[in-house]
Amino acid sequence: MLVLNNVEAIYSDVILAVKGISLQVPDGKCVTLLGGNGAGKSTTLKSVSNLIRTEDGKVTSGSIEFCGERIDGRDPAEIVRIGLVHIMEGRRVLRHLTVEQNLIVGGHMERSGAEVRRRIDEVYSRIPRLSALKGRTAGYLSGGEQQMLVVGRALMSKPKLIMIDEPSLGLAPLIVDEVFALLASLKAAGMTLLIVEQNTRVALDVADYGYVMENGRIVLEGAASDLKANEDVREFYLGLN
Ligand code: ATP
């Protein structure tokens with residue numbers, strides 16, 4: 001469904017953040033992109049959604065295909081419209097709006113009010129916690145609830161593929177498990193996912209396949225079960241012996 005071929009991205013002539021990445025996210029699968037701080041994971045996602053441009057960076061070579069079509073360089077809103085949504089790092093909820101208003105904003109590309117209502121109800125049935133919180137101001141939600149809200153807001157655009165950047169960041173372990181249980185339920189319902197994570201263990205539990213990035217390059221890839229068993233991954237990324 002998503003194919004990156006030799007993608008290179010820079011922030012300036014001196015910062016080559018992504019140095020020729022090739023990866024694939026097949027239809028209905030969950031793929032994780034792992035690696036430490038500054039490895040280039042977020043930049044890879046921004047290259048796909050064409051949001052790196054907004055930070056003075058650009059994709060300098062390679063190709064990005066989504067559902068068989070080249071999307072590199074396309075308008076970011078158009079990329080969302082064709083079914084590829086990017087949930088940025090840091091749980092960017094609209095803090096002064098209610099949970100339901102945040103969902104409405106997520107559905108802004110849909111003209112029909114009835115369809116927006118139908119999608120909100122679908123989000124509530126997939127994430128019942130949001131239904132209970134619908135009138136609450138988003139800024140007062142806990143970190144885990146905000147993470148669920150940004151996932152719900154992403155679902156409002158009826159995506160085929162969700163890219164999510166560090167969903168576990170700053171959350172307590174139990175809450176991380178809840179957020180990943182939500183991602184696993186989306187996958188079980190047929191959603192295609194690309195998850196960027198530093199929390200290797202939880203990511204490999206839900207993923208089918210993983211790529212490990214270091215210094216702008218993919219240094220290792222394989223089935224999630226193989227990566228979990230791999231000595232280097234265990235030692236360097238899971239902290240196990
Ligand atoms: P993190 O988990 O810390 O976000 P990451 O693996 O996602 O790490 P990136 O954020 O993609 O890594 O960063 C890759 C490289 O690009 C780093 O060297 C970083 O300092 C640099 N970089 C990231 N964003 C910018 C920016 N807006 N301007 C300039 N350099 C940037």
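Just above, that's the structure.
Residues numbered from 1 in each chain as written. Predicted model: local features only at pLDDT ≥ 70, side-chain atom pairs only at ≥ 80, totals over all residues. Heavy atoms only, no water.

Trainee: What should I look at first to understand the overall build of the protein chain in this one?
Mentor: Across its full length, the protein chain holds 10 helices and 10 strands. A globule of 241 residues ought to have a C-alpha radius of gyration of about 18 Å, and the protein chain, at 17 Å, matches this closely. A principal-axis box enclosing the C-alpha atoms of the protein chain has dimensions of 45 × 40 × 30 Å. Of all 241 residues assigned to the protein chain, the portion counted as buried reaches 48%. If you take every contact in the protein chain between residues at least 6 apart in sequence, the share linking residues at least 24 apart comes to 67%. Accessible area of the protein chain: about 11100 Å², with a carbon and sulfur share of 49%. Averaged over its 28 positive side-chain charges, the protein chain has a centre that lies 6 Å from the centre of its 30 negative ones. (Helix = DSSP H or I, 4+ residues; strand = E, 2+ residues; numbered from the N terminus. Rg over C-alpha atoms; globule rule 2.2 N^0.38 Å. Buried < 20%, exposed > 50% of the residue type's maximum accessible area, 1.4 Å probe, protein only. Contact = heavy atoms within 4.5 Å. Areas by Shrake-Rupley, 256 points an atom, 1.4 Å probe, with all protein chains shown as cover. Lys, Arg positive; Asp, Glu negative; His and termini not counted. Charge placed at Lys NZ, Arg CZ, Asp CG, Glu CD.)

Trainee: Teacher, can you tell me more about the sheet that holds strand E2 (residues 16-25) here?
Mentor: Backbone-to-backbone hydrogen bonds pair the strands of a sheet. The strands run either parallel or antiparallel. The antiparallel open sheet is built from 4 strands, whose spatial order is E2-E1-E4-E5. Both outer strands of the open sheet, E2 and strand E5 (69-70), are each paired with one neighbouring strand and no more. Pairing analysis gives 2 bridges linking strand E4 (residues 58-66) to E5, with the strands arranged antiparallel. Across the sheet, residue glutamate 65 finds its bridge partner in E5, namely arginine 70. Each of strand E1 (2-10), E2 and E4 touches helix H1 (residues 41-49); the most contacted strand, E1, lies at about 110 degrees to it. (Pairing = 2+ DSSP bridges. Axes fitted to C-alpha atoms, helices over the stretch in contact; angles between N-to-C directions.)

Trainee: I keep staring at the site of the ligand and nothing clicks. Help me out?
Mentor: Close contacts around the ligand come from 15 residues, with Asn37, Gly38, Ser42, Thr43 and Glu55 the closest. A distance of 2.4 Å separates an oxygen atom of the ligand from a polar atom in the side chain of threonine 43. The separation between an oxygen atom of the ligand and a polar side-chain atom of glutamate 166 is 3.2 Å. With the chains in place, 67% of the 620 Å² that the ligand exposes on its own is no longer accessible. In terms of residues, the shell around the ligand owes the most to one element, H1, which gives 3 residues. When the residues that make up the shell around the ligand are grouped by side-chain class, the tally is 4 nonpolar, 7 polar and 4 charged. (Near = heavy atom within 4 Å. Polar contact = N/O pair within 3.5 Å; in protein donor to acceptor, adjacent residues only side chain to side chain. Nonpolar A, V, L, I, M, F, W, Y, C, P; charged D, E, K, R; others polar.)

Trainee: Help me understand the nonpolar core in this model?
Mentor: For soluble globular proteins, nonpolar side chains are generally found buried alongside one another. Counting 44 residues, the largest nonpolar core has Ile127, Leu130, Leu149, Ile162 and Ile195 as the members making the most contacts within it. With residues near it in sequence (within four places) discarded, isoleucine 127 still touches Met148, Val151, Gly152, Leu155 and Leu182. Residues Leu33, Leu84, Leu194 and Val196 belong to the second largest nonpolar core, which totals 26 residues. (Core = buried A, V, L, I, M, F, W, Y, C linked by side-chain atoms within 4.5 Å.)

Trainee: Where do I start with the packing of helix H6 (residues 143-155) against helix H7 (residues 173-188) in this structure?
Mentor: Helix-helix packing: each pair is described by the crossing angle between the helix axes and the interaxial distance. The contact between H6 and H7 brings their axes to 9 Å, and the two run at 20 degrees. As far as their axial angle goes, H7 and H6 are roughly parallel. Between H6 and H7 the crossing geometry is right-handed. Residues Gly144, Gln147, Met148, Val151 and Leu155 of H6 form the contact with H7, whose participating residues are Ile175, Glu178, Val179, Leu182 and Leu186. Tallied by class, the residues present in the contact of H6 with H7 amount to 7 nonpolar, 2 polar and 1 charged. (Parallel < 35°, antiparallel > 145°, perpendicular 65-115°, else oblique. Left-handed = near helix turned anticlockwise from the far one by under 90°.)

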